[in-house]
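# Descriptive structure summary
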Amino acid sequence: MRRTRCVRHARRPRASTPRSTTPTSSPPSSAPHFTYLAYFSPKHVKAGISSETRGIERLLEQGARAARIVGRFGCADDARELEAALCAQPGILETMRASKKVDLLVNERFDFVEAKAVLDDVVERLGLEGAEPAQDLSPHYFGGPSPDCHDLQVPEGHDGECGGRCIGMVGGALVFQQEGTNYVVSVKEWESHEVELLLD
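Residues numbered from 1 in each chain as written. Predicted model: local features only at pLDDT ≥ 70, side-chain atom pairs only at ≥ 80, totals over all residues. Heavy atoms only, no water.

Let us look at unusual backbone geometry. Backbone geometry places glutamate 179, a non-glycine residue, at a positive phi of 50 degrees. Relative to the elements of secondary structure, glutamate 179 occurs in the loop between strand 8 (173-178) and strand 9 (181-186). (Helix = DSSP H or I, 4+ residues; strand = E, 2+ residues; numbered from the N terminus.)

Structural data, given as structure tokens:
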């Protein structure tokens, strides 16, 4: 059973007093960090943190379709505290497998209006005052709107091979277009394989 922590109190920044460390613990990161909610589908919202220097790069690596920054902090420990409190809440995920993200990409329709409403509901339900507006991350992946899930598919019967023109990358998934069809393959599946890149 998950323990539920109070999100409102977890997000209060602590005074920046030095923390003691033991030889077995690593020193806390004093770099500014933020806590985010990442949207993958109406039933898949994940909490996480990123350093301010990386900006939304972490969200893009995750393959989130939309996101809201829900807290900014002076150090990673404070951001992690809010992340842990969020993950203890019903309906907020701590982790997601890459294969699940690919499955959602090809089987769940993405609509930013719907994603925004889901994220807004979570923010309101958890009382996350000061959360920043929802962001549509599609332009970062495709240079414009995301293709409809009905236009995306995982190639079947072609293990170890896929070709076409790369039209986007969503987190760890590459999207290739070949003869009018968009194929989604996990980059992880291509690690340690020889890849041939051809110019148009």
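Here the narrative resumes, following the displayed structure.
Time to look at the nonpolar core. Among the nonpolar cores identified, the biggest contains 23 residues, and Leu37, Tyr39, Val70, Leu86 and Leu128 are the most heavily contacted of them. Among the secondary structure elements, those contributing two or more residues to this core are strand 1 (33-41), strand 2 (44-51), strand 3 (66-73), helix 3 (76-87) and helix 5 (112-126). Looking at this core, the element that brings in the most residues is helix 5, giving 6 residues. Of all hydrophobic cores here, the second largest spans 21 residues; its members include Ala38, Ala64, Met96 and Leu152. (Core = buried A, V, L, I, M, F, W, Y, C linked by side-chain atoms within 4.5 Å. Buried < 20%, exposed > 50% of the residue type's maximum accessible area, 1.4 Å probe, protein only.)

Take the environment of valine 45 next. Along the chain, the position of valine 45 falls in strand 2. Judged by relative accessible area, valine 45 falls into the buried class, the value being 2%. With 22 residues separating them along the chain, valine 45 and alanine 67 place their C-alpha atoms 9.0 Å apart. Those residues in contact with valine 45 that lie beyond four places of it in its chain are Leu37, Ala38, Tyr39, Gly91, Ile92, Leu93, Val118 and Leu119. (Contact = heavy atoms within 4.5 Å.)

To continue, consider the confidence of the model for the protein. Detailed reading of the predicted coordinates is not advisable wherever pLDDT is low. Per-residue confidence for the protein gives a mean pLDDT of 82, with 78% of residues at or over 70. Low pLDDT, under 50, characterises residues 11-28; the predicted model gives this stretch 20 contacts beyond four residues in sequence or across chains. (pLDDT = per-residue confidence, 0-100.)

With that out of the way, let us pick up the pattern of salt bridges. Evaluated as defined, the whole model comprises 11 salt bridges. We note a salt bridge from glutamate 57 to arginine 54, for which the minimum N-O separation is 3.7 Å. Classification of glutamate 57 by relative accessible area gives partly exposed; the value is 42%. Notably, a salt bridge pairs aspartate 120 with arginine 68, separated by 2.6 Å at the nearest N-O pair. One end of the pair, aspartate 120, is in helix 5; the other, arginine 68, is in strand 3, and 52 residues separate them in sequence. (Salt bridge = Lys/Arg side-chain N within 4 Å of Asp/Glu carboxyl O.)

Bringing the side chain of glutamate 83 into the picture now. Among the secondary structure elements, glutamate 83 is positioned in helix 3. Buried charge without a salt bridge: glutamate 83, with lysine 46 as the nearest opposite-charge side chain at an N-O distance of 5.1 Å. Discounting residues that sit within four places of it in the chain, glutamate 83 has contacts with Thr35, Ala47, Gly48 and Ile49. (Lys, Arg positive; Asp, Glu negative; His and termini not counted.)

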